[in-house]
Amino acid sequence: MDTVEEQHLSKQQLFSDSGCQCDKPHRLFGLMGLSLSAWLYIKGDNSLPPPSSAFQHLAVPASSRLAVILTSSSVPPGDSNSHWSSVHHSPHFLLSSCKRRVIRSPAELSSDGVRAEMGVKSGLHVWEVLWGPNHRGSHAVIGVSTQNCPLQASGYNVLIGGDSRSWGWELKTNQLWHNGQSLGLYPKKRQRGPSEDAETPLHIPERILLVLDSDAGTLGFIIDGTFLGMAFEGLPCGVELFPAVSSVRGGASIQLRYLNGATRDPPALMALCRLSIRQFLGEDRQEQTAKLPLPPCLLSYVVSSH
């Protein structure tokens, strides 16, 4: 049996094989697959362990649709889906000129919310929310709402998730809220650590990815690159839903950015192949993508997902 090294063919060998590009295209793609498989196998021994995160042991497998979105290029930051609404927000929230950042003015005994300018009725969508822990205080909630969710109330309380038209995750206590009731902790796959019990709230970092599947009626979150599973299920299908936040802390600064989305159709085969390559390489070897033994057009497609 040939060794892996003997099976490994260079790009130059692939294209010097007379007739393989025109007369026998299946042979070219077969050789390319063999060459790529051997290259990945040889380079696989150099992989490094992934960076540690307190959320890794809480990971839930992501669907292929979500995985493809997360490994695809993000839409430009100026996309209108990245804007907070200039109309639908508490008077205590001030919008930046780019509409991607809101700042809550100091106000006593007031709970204040803001939702995105653009909502979605179908598809799978991912937004990035940047909200520093020092800018949260109590009752810092992130989630989604319908168009008519209340965005201001007296006192200090959970606003997003405080009625039947919104669903929210309170970041300080990790509690899920809907219809004014706590639905328990999130992530739901909690484990007892060496120095904490399962009820100890997890420290949520600044960057949070909100994952809304309007077709399935689900809402989940990603922390440190780890998908934590479904926070809510049974969201109304066909109803326009908007990313939303609520806060009681003066000076709280919150940024929004729409990353990408997909229809309910299965991902394209090319996108799945690109995903498989990137997953095999791992986060610590993405810089080696440009060295893959692929034709320039395919290599450009794989690299473009960065």
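Residues numbered from 1 in each chain as written. Predicted model: local features only at pLDDT ≥ 70, side-chain atom pairs only at ≥ 80, totals over all residues. Heavy atoms only, no water.

Under an unreviewed UniProt entry, the chain has the name SPRY domain-containing SOCS box protein 1 and belongs to Xyrichtys novacula. The record in UniProt for the chain states the following under Pathway (unreviewed entry): "Protein modification; protein ubiquitination." According to the UniProt record, the Sequence similarities (unreviewed entry) comment for the chain reads "Belongs to the SPSB family." (UniProt positions renumbered as here; feature names shortened; annotations may be inferred.)

(A) Structural detail: the overall build of the chain. A tally of helices and strands in the chain yields six helices and 15 strands. The buried share among the 306 residues of the chain stands at 45%. Here the contacts in the chain between residues at least 6 apart in sequence split such that 68% fall between residues at least 24 apart. Split by element, the accessible area of the chain, about 15200 Å² in all, is 55% carbon and sulfur. (Helix = DSSP H or I, 4+ residues; strand = E, 2+ residues; numbered from the N terminus. Buried < 20%, exposed > 50% of the residue type's maximum accessible area, 1.4 Å probe, protein only. Contact = heavy atoms within 4.5 Å. Areas by Shrake-Rupley, 256 points an atom, 1.4 Å probe, with all protein chains shown as cover.)

(B) Up close: the nonpolar core. Formed by 38 residues in total, the largest nonpolar core has its most connected members in Ile142, Trp169, Leu212 and Phe221. Put simply, the parts of the chain that give this core at least two residues each are strand E4 (110-116), strand E5 (124-130), strand E6 (141-145), strand E8 (166-170), strand E11 (207-213), strand E12 (218-223), strand E13 (226-233) and strand E15 (253-262). Leu66, Ile69, Val126 and Ile222 belong to the second largest nonpolar core, which has nine residues in total. (Core = buried A, V, L, I, M, F, W, Y, C linked by side-chain atoms within 4.5 Å.)

(C) Quick look at the side chain of Glu128. Relative to the assigned elements, Glu128 resides in strand E5. Here the side chain of Glu128 touches Arg207 through a polar contact of 2.5 Å, side chain to side chain. Each residue touching Glu128, except ones within four places of it in the same chain, is listed here: Arg207, Ile208, Leu209, Gln255, Leu256, Arg257 and Leu259. (Polar contact = N/O pair within 3.5 Å; in protein donor to acceptor, adjacent residues only side chain to side chain.)

(D) Structural detail: the pairing of strand E10 (residues 181-185). Here three bridges tie strand E9 (residues 175-178) to E10, and the two strands are oriented antiparallel to one another. Paired with Gln175 across the strands is Leu185, a residue of E10. Counting the residues in the hairpin turn of E9 and E10 gives two residues, including Asn179, whose phi is positive at 60°. (Pairing = 2+ DSSP bridges.)

(E) Inspection of the environment of Glu108 at higher detail. Relative to the elements of secondary structure, Glu108 occurs in the loop between strand E3 (101-104) and E4. Accessibility expressed as a relative area gives 72% for Glu108, which makes it exposed. Through-space distance from the C-alpha of Glu108 to that of Arg249 is 9.0 Å; in sequence the pair is 141 residues apart.

(F) Structural detail: the pattern of salt bridges. A complete count under the given rule lists six salt bridges for this structure. Salt-bridge contacts for Arg104 lead to Asp112; the nearest nitrogen and oxygen are separated by 2.7 Å. Each of the two residues, Arg104 as well as Asp112, counts as buried. Among the salt bridges present, the one from Glu128 reaches Arg207, with a minimum N-O distance of 2.5 Å. One end of the pair, Glu128, is in strand E5; the other, Arg207, is in strand E11, and 79 residues separate them in sequence. Overall, the relative accessible area of 42% leaves Arg207 in the partly exposed class. Among the charged side chains, a network of salt bridges with common partners joins Arg65, Asp213 and Asp215. (Salt bridge = Lys/Arg side-chain N within 4 Å of Asp/Glu carboxyl O.)

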